[in-house]
Each structure stands twice: as structure tokens, then as C-alpha cells.
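# Summary of the model geometry
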Amino acid sequence: MKKSSFVAMMLGTVSGVLFAVGLCMALIPEWGTIKPGIILDCVGVLLGIITILVWRKMEHKTPIKISGKAVLTVLAGIVGALALGVGMCFSMVWEQMVLGIVIGLVGIVVLLSLIPLIKGIK
């Protein structure tokens, strides 16, 4: 295993665990730890970003270029994932099955549209 892969694996694992524990702290009301949970989430996300930057530097890759297409792709992914999650909440939590299925399908279609957006149509 290359040193860069090992470092990325370790940093990625730590950032994922911090993020997961922070989510549990923030979302389980019995614990009463929403503020520390949010802080731990932010630390996990920041460490994840640092992991990407460190790995790219160790692999001698060029810096990530932010373009309009990259921003659109990220926004489409966020909107699709949120729509899918909201649809699941409508169906499972709020007991509005038809509306939940429609919103969830919209989210799935948006997420599926990422494939031609990223790879293109040939």
C-alpha cells in the first residue's frame, strides 16, 4: 500500500467517525448535545476536506479547478439527495404516501440525471 493511500485511509476514517458521532449527538434529543454535535460535524467535514487536499498533494495531482459545471453537478446532487430524503420522510414519518413517492421519484430522477451530466452523452 502506498503511503498516500494509507494516510488518506486513516484521515478519512477519523473524519467519517467524527462526522457520524457528531450526527448522533445532534440528532438524538435524549442526549441533549446538539451544539457539541454540530461542532463535531463541522470538524469531521473539515478533516474530510483536508484529507482530499493532503491526498492530492501526496499523489502530485493538480489542484481541483472549480468550474460552472462542477458547481452545477454538486448542486444537482444536493437537490436530488434532499428530494429523495424528503420523499422518504413524507412516506414513512408523515404518512403521506402518494406525495412522498412523487417527491422521492423526482429526487431519483435528479440523481440519475447526474450520470449524463458528468459523463456526457455519446
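Residues numbered from 1 in each chain as written. Predicted model: local features only at pLDDT ≥ 70, side-chain atom pairs only at ≥ 80, totals over all residues. Heavy atoms only, no water.

### So, the overall build of the protein chain
Broken down by element type, the protein chain carries five helices and zero strands. Traced from its N-terminal end to its C-terminal end, the protein chain shows the element sequence α-α-α-α-α. Taking 14 Å as the expected radius of gyration for a compact globule of 122 residues, we find that the protein chain reaches 18 Å, considerably beyond that expectation. C-alpha atoms of the protein chain, sized along the principal axes, occupy 50 × 50 × 25 Å. Buried residues in the protein chain amount to 20% of all 122 residues. Total accessible area computed for the protein chain in this model is approximately 9,000 Å², and 79% of it derives from carbon and sulfur atoms. Side-chain charges of the protein chain comprise 10 positive and 4 negative groups, with the mean position of each set lying 25 Å from the other. (Helix = DSSP H or I, 4+ residues; strand = E, 2+ residues; numbered from the N terminus. Rg over C-alpha atoms; globule rule 2.2 N^0.38 Å. Buried < 20%, exposed > 50% of the residue type's maximum accessible area, 1.4 Å probe, protein only. Areas by Shrake-Rupley, 256 points an atom, 1.4 Å probe, with all protein chains shown as cover. Lys, Arg positive; Asp, Glu negative; His and termini not counted. Charge placed at Lys NZ, Arg CZ, Asp CG, Glu CD.)

### What about the side chain of Ser-15?
Tracing the chain through its elements places Ser-15 in helix H1 (residues 3-27). Separated by 3.0 Å, the side chain of Ser-15 and the backbone oxygen of Gly-12 make a polar contact. (Polar contact = N/O pair within 3.5 Å; in protein donor to acceptor, adjacent residues only side chain to side chain.)

### Side note on unusual backbone geometry
For His-60, which is not glycine, the phi torsion reads 60° and is therefore positive. Its location among the elements puts His-60 in the loop between helix H2 (34-58) and helix H3 (68-92). By relative accessible area, which is 74% here, His-60 ends up exposed.

### Section: helix H4 (residues 97-112)
Relative to the 22 Å expected for 16 residues at 1.5 Å per residue, H4 spans 22 Å between its end C-alpha atoms, a close match to the ideal helical length. Of all the positions in H4, only Gly-100, Gly-104 and Gly-107 are classed as buried. Taken end-on, H4 shows its buried residues confined to a sector of 55°, consistent with a single buried face. For H4, the exposed residues lying more than 90 degrees away from the buried face are Val-98, Val-109 and Leu-112. Here the buried face of H4 lies against H3. (Expected span 1.5 Å × (residues − 1). Arc of directions from axis to C-beta. Contact = heavy atoms within 4.5 Å.)

### What about the environment of Ile-118?
Examined against the element boundaries, Ile-118 turns out to sit in helix H5 (residues 114-119). For Ile-118, a relative accessible area of 49% translates into the label partly exposed. Each C-alpha atom of the pair Ile-118 and Ile-78 lies 15 Å from the other, and the pair is 40 residues apart in sequence. Every residue in contact with Ile-118, bar those within four places of it in the chain, is listed here: Lys-69 and Thr-73.

### Thoughts on a nonpolar patch on the surface
A cluster of nonpolar residues, Met-97, Val-98, Ile-101, Val-102, Leu-105, Val-106, Ile-108, Leu-112 and Ile-115, forms a patch on the protein surface that exposes about 840 Å² of accessible area. At eight residues, H4 tops the list of elements feeding residues into the nonpolar patch. Take Val-106: it is sitting in helix H4. (Patch = residues over 30% accessible without salt bridge, like charges linked within 9 Å, V, L, I, M, F, W, Y side chains within 5 Å. Salt bridge = Lys/Arg side-chain N within 4 Å of Asp/Glu carboxyl O.)

### A look at the packing of H3 against H4
Packing of H3 against H4 leaves a shortest axis separation of 7 Å and a crossing angle of 160°. Judged by the inter-axis angle, H3 sits roughly antiparallel to H4. As H3 runs across H4, the sense of the crossing is left-handed. Touching Ala-76, Gly-77, Gly-80, Ala-81, Ala-83, Leu-84, Val-86, Gly-87, Phe-90 and Ser-91 of H3 are Met-97, Leu-99, Gly-100, Ile-101, Ile-103, Gly-104, Gly-107, Ile-108, Val-110 and Leu-111, all from H4. Grouping the constituent residues of the contact of H3 with H4 by class yields 13 nonpolar, seven polar and no charged. (Axes fitted to C-alpha atoms, helices over the stretch in contact; angles between N-to-C directions. Parallel < 35°, antiparallel > 145°, perpendicular 65-115°, else oblique. Left-handed = near helix turned anticlockwise from the far one by under 90°. Nonpolar A, V, L, I, M, F, W, Y, C, P; charged D, E, K, R; others polar.)

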